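# Coordinate inspection notes
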Amino acid sequence: TFDLDIDRERILLDGEWLSGAFDRVHLFPDSARIIDFKTDRTPNPAAYGAQLATYRKALARLTGLPPAAIACELVFTATAEHVLLPAAADPRAEE
């Protein structure tokens, strides 16, 4: 495995230009994991579903991996909790 650090990326996704940077991405031969750090004092993973679905779709476009092979993990720094959101749990993963 290896880590990939990206300063900024621009991608055309669904007819809209997106610009940003992933907090952290772990790439594997047939899959990937996006790790997103949050500072919320009260973790609410459901609040980030749309954001993570967009990240998953963008990473799929950048890497050629199917969206279903990309898991997302939220790390809540204030509470030291993490929540793994596998692609299979997100109905938008196949879009």
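Let us look at the structure shown here. (Residues numbered from 1 in each chain as written. Predicted model: local features only at pLDDT ≥ 70, side-chain atom pairs only at ≥ 80, totals over all residues. Heavy atoms only, no water.)

This part is about the pairing of strand E7 (residues 81–85). Every regular strand shows the same layout, with side chains that alternate between the two sheet faces. Where strand E6 (residues 70–76) and E7 come together, five bridges link them in antiparallel fashion. Bridging from a neighbouring strand, Cys72 pairs with Leu85 of E7. Linking E6 back to E7 in an antiparallel pair, the connection comprises four residues, with Ala80 at a positive phi of about 60°. (Pairing = 2+ DSSP bridges. Helix = DSSP H or I, 4+ residues; strand = E, 2+ residues; numbered from the N terminus.)

What follows is about the packing of aromatic side chains. With the rule as written, the count across this model stands at two aromatic pairs. Centre to centre, the rings of Phe22 and Tyr55 are 5.8 Å apart; their planes meet at 80°, and the pair counts as edge-to-face. Highlighted residues: Phe22 in the loop between strand E3 (16–20) and strand E4 (24–27) and Tyr55 in helix H1 (residues 49–63), separated in sequence by 33 residues. Classification of Phe22 as buried rests on a relative accessible area of 16%. When the centroid spacing of 6.5 Å and the interplanar angle of 50° are considered together, the rings of Tyr48 and Phe76 count as tilted. With Tyr48 in the loop between strand E5 (32–38) and H1 and Phe76 in strand E6, the pair connects residues that are 28 residues apart, well separated along the chain. On the basis of relative accessible area, Phe76 is assigned to the buried category, the value being 0%. (Phe/Tyr/Trp six-rings, centres within 6.5 Å; stacked < 30°, edge-to-face > 60°. Buried < 20%, exposed > 50% of the residue type's maximum accessible area, 1.4 Å probe, protein only.)

The residue Leu85 is located in strand E7 in this model. Accessibility expressed as a relative area gives 24% for Leu85, which makes it partly exposed. Counting along the chain gives 13 residues from Leu85 to Cys72, while the straight-line C-alpha distance between them is 5.0 Å. Each residue touching Leu85, except ones within four places of it in the same chain, is listed here: Leu52, Arg56, Ala71, Cys72 and Leu74. (Contact = heavy atoms within 4.5 Å.)

This next bit is on the nonpolar core. One recurring pattern in soluble globular proteins is that nonpolar side chains are buried together. Formed by 15 residues in total, the largest nonpolar core has its most connected members in Phe22, Ala32, Ile34, Leu59 and Ile70. Listed by contribution, the elements that provide at least two residues to this core are E4, E5, H1 and E6. In contact with Leu59, not counting residues within four places along its chain, are Phe22, Val25, Ala32, Ile34, Gly64 and Ile70. (Core = buried A, V, L, I, M, F, W, Y, C linked by side-chain atoms within 4.5 Å.)

The values reported here are purely geometric and, on their own, carry no functional implication.
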